[in-house]
Amino acid sequence: KPPFELPLLVDQIDRAGIGSWSIAVLTALFTGAVMAVQFAVGLEPYGASLYTGKLVSLGIVRELGPTLTAVLVGGRVGSGFAAEIGSMNVTEQVDAIEALGADPVKKLVVPRVLACIIALPLLTVLADFIGLFGGMLVTMGEVGITWRFFVDQVLDTLIVVDLFHGLAKSVFFGYFIAIIGCYQGLRTTGGTEGVGRATTDTVVAISITVLVSNYILTNIFLKIYG
């Protein structure tokens, strides 16, 4: 409901998205590189190492790009949400917000949820490009192909549905990350010890939720779009 807390949303996008780009880039770069090494070596006995780019592109865009980005960024962002809101809760700042007639959910939860829903797909796109770049560099060194050949393989392999798979998952992952982090923060009790416990529980819950939901969403999208 209006009025919308646009400044709070922008601030959370900066924290969750811009503040997490380095994690997404490093993870994607070395994930793409490792995948390229494994596929290049594994396909070599069959004389199919030239097709490494096809497998790397599908693996990163459909699965590893959104999933690994969500797990690592979720651990960072979700734990931050839990710690921040949990600290406010144990120091009765949340009760103070209610006493002033404001809605803590609208002030604390909604901007964080929207920020993660917006930021995580953008980070996933960045991770996809960096992961493909890392895979291209390794494939060029291991297989001896040119960058143009690798790019042609990627363009021949990926279609719009593949991009949709990864980006649609990242929207769900962003929602889960923010909801879990905020929920753990709002239910925090027991002072500083409780804040630490909530932070740990948040990281575990987000990791499990992302991995389980990835399997479920993959099956749903494959049945709908193939």
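What you see as residue numbers is a count from 1 along each chain, following the sequence as written. Only residues with pLDDT of at least 70 get local features here, since the model is predicted, and only at 80 or more are side-chain atom pairs given and counted; chain-wide, interface and lining totals rely on the full set of residues. Calculation of side-chain values draws on the structure's entire complement of heavy atoms; hydrogens and water are dropped beforehand.

Digging into the overall build of the protein
Of the regular secondary structure elements, the protein holds eight helices and zero strands. Secondary structure elements follow DSSP: runs of H or I no shorter than four residues count as helices, runs of E no shorter than two count as strands, and numbering proceeds from the N terminus. The order of α-helices and β-strands along the protein, N terminus first, is α-α-α-α-α-α-α-α. For the protein, the C-alpha atoms occupy an extent of roughly 70 × 35 × 30 Å along the three principal directions. With a 1.4 Å probe rolled over the protein chains alone, any residue whose accessible area is under 20% of its type maximum counts as buried; one over 50% counts as exposed, and the rest are partly exposed. Relative to its full complement of 226 residues, the protein shows a buried share of 45%. It only takes one pair of heavy atoms within 4.5 Å for two residues to be counted as in contact. Residue pairs in contact within the protein that sit at least 24 positions apart in sequence constitute 83% of those at least 6 positions apart. When the accessible surface of the protein is split by element, carbon and sulfur atoms take 70% of a total near 11500 Å². Positive and negative side-chain charges in the protein, numbering 13 and 17 respectively, have mean positions lying 5 Å apart. The Shrake-Rupley method, run with a 1.4 Å probe, gives the accessible areas here. Residue values count only the displayed protein chains as cover. Charged-residue counts in this description rest on Lys and Arg as positive and Asp and Glu as negative, His and the chain ends being excluded. Where a charge lies is defined by one atom per residue type: Lys uses NZ, Arg uses CZ, Asp uses CG and Glu uses CD.

Side note on the environment of Gly 135
Mapped onto the secondary structure, Gly 135 falls in helix H5 (residues 104-143). Taking relative accessible area as the criterion, Gly 135 reaches 0% and is therefore assigned buried. In this structure, the C-alpha to C-alpha distance between Gly 135 and Leu 29, residues 106 residues apart in sequence, is 7.6 Å. Each residue touching Gly 135, except ones within four places of it in the same chain, is listed here: Gly 32, Ala 33, Ala 36, Val 56 and Phe 150.

Some words on a nonpolar patch on the surface
Together, Phe 164, Val 204, Ile 208, Val 212, Tyr 215, Ile 216, Ile 220, Ile 224 and Tyr 225 line one region of the surface with nonpolar side chains, adding up to about 890 Å² of accessible area. When residues in the nonpolar patch are grouped by element, the largest group, eight residues, is from helix H8 (residues 191-225). Inspection of the secondary structure assignment puts Tyr 225 in helix H8. On the accessibility criterion, Tyr 225 (46% relative accessible area) is partly exposed. Only residues whose relative accessible area exceeds 30% and that form no salt bridge are eligible for patches; like-charged ones are grouped when within 9 Å, while nonpolar side chains (Val, Leu, Ile, Met, Phe, Trp, Tyr) are grouped when within 5 Å. Any carboxyl oxygen of Asp or Glu that lies within 4 Å of a side-chain nitrogen of Lys or Arg is treated as forming a salt bridge with it.

Topic: the nonpolar core
By nonpolar core we mean a set of buried residues, namely Ala, Val, Leu, Ile, Met, Phe, Trp, Tyr and Cys, connected to one another through side-chain atoms within 4.5 Å. Of all hydrophobic cores here, the largest spans 26 residues; its most connected members are Cys 116 and Leu 120. Of all the secondary-structure elements, those providing two or more residues to this core are helix H3 (52-90), helix H4 (93-99), H5, helix H7 (160-186) and H8. One finds Met 136, Val 138, Ile 145 and Leu 158 within the second-largest nonpolar core, a separate group that totals 13 residues.

What about the side chain of Ser 20?
By the secondary structure assignment, Ser 20 is in the loop between helix H1 (6-16) and helix H2 (21-43). In this view, Ser 20 contacts Arg 15, Val 73, Arg 76, Val 77 and Leu 123; residues no more than four positions away in its chain are not counted.

Quick notes on the state of the cysteines
When two cysteine sulfur atoms are found within 2.5 Å, that pair is recorded as a disulfide. In the structure shown here, the tally under the stated rule is zero disulfides. Cysteine Cys 116 shares no disulfide, and the gap to the nearest cysteine sulfur, in Cys 182, comes to 7.7 Å. Residue class for Cys 116 comes out buried when judged on its relative accessible area of 5%.

Let's talk about the pattern of salt bridges
Overall, the coordinates contain six salt bridges when judged by the stated rule. Residues Arg 15 and Asp 11 are paired through a salt bridge, measuring 3.4 Å at the closest nitrogen-oxygen approach. Residue Arg 15 and its partner Asp 11 are located together in helix H1, separated by four residues, close to a single helical turn. By relative accessible area, which is 39% here, Arg 15 ends up partly exposed. Using a relative accessible area of 32% as the deciding quantity, one classes Asp 11 as partly exposed. Among the ionic pairs, Glu 193 bridges to Arg 197, the shortest N-O distance being 3.8 Å. One end of the pair is Glu 193 and the other is Arg 197, both in helix H8 and four residues apart, which spans about a single turn. Glu 193 gets classed as exposed once you look at its relative accessible area, which sits at 59%. The network of salt bridges with common partners includes Asp 11, Arg 15, Glu 84 and Arg 112.

Examining the packing of aromatic side chains
Any two aromatic rings considered together are summarised by their centre-to-centre distance and by the angle between their planes. Think of it this way: a Phe, Tyr or Trp ring, Trp meaning its six-membered ring, pairs with another when their centres are within 6.5 Å, and the plane angle makes it stacked under 30 degrees, edge-to-face over 60, tilted otherwise. Scanning the entire structure with this criterion turns up two aromatic pairs. On the basis of an interplanar angle of 65° and a centroid distance of 6.0 Å, the ring pair of Tyr 175 and Phe 176 is categorised as edge-to-face.

Some details on the layout of surface pockets
Only protein atoms enter the calculation, which uses a 1 Å grid: trapped sets of points that fit a 1.4 Å probe without letting it out are cavities, open sets showing protein on both sides within 12 Å along at least five of seven lines are pockets, and any residue with an atom within 4 Å of a point is a lining residue. Grid points are joined across faces, edges and corners, and a volume is the space filled by probe spheres set on the points. Empty space within the largest pocket amounts to approximately 370 Å³. Contributing to the lining of the largest pocket are 16 residues, with Phe 129, Leu 132, Val 154, Leu 158 and Leu 163 lying nearest its centre. When residues of the lining of the largest pocket are traced back to their parent elements, those giving at least two are H5, helix H6 (147-157) and H7. Here the lining of the largest pocket takes seven residues from H5, the largest share from any one element. Gly falls in the polar group here, along with every residue not listed as nonpolar (Ala, Val, Leu, Ile, Met, Phe, Trp, Tyr, Cys, Pro) or charged (Asp, Glu, Lys, Arg). When its residues are assigned to classes, the lining of the largest pocket shows 13 nonpolar, two polar and one charged.

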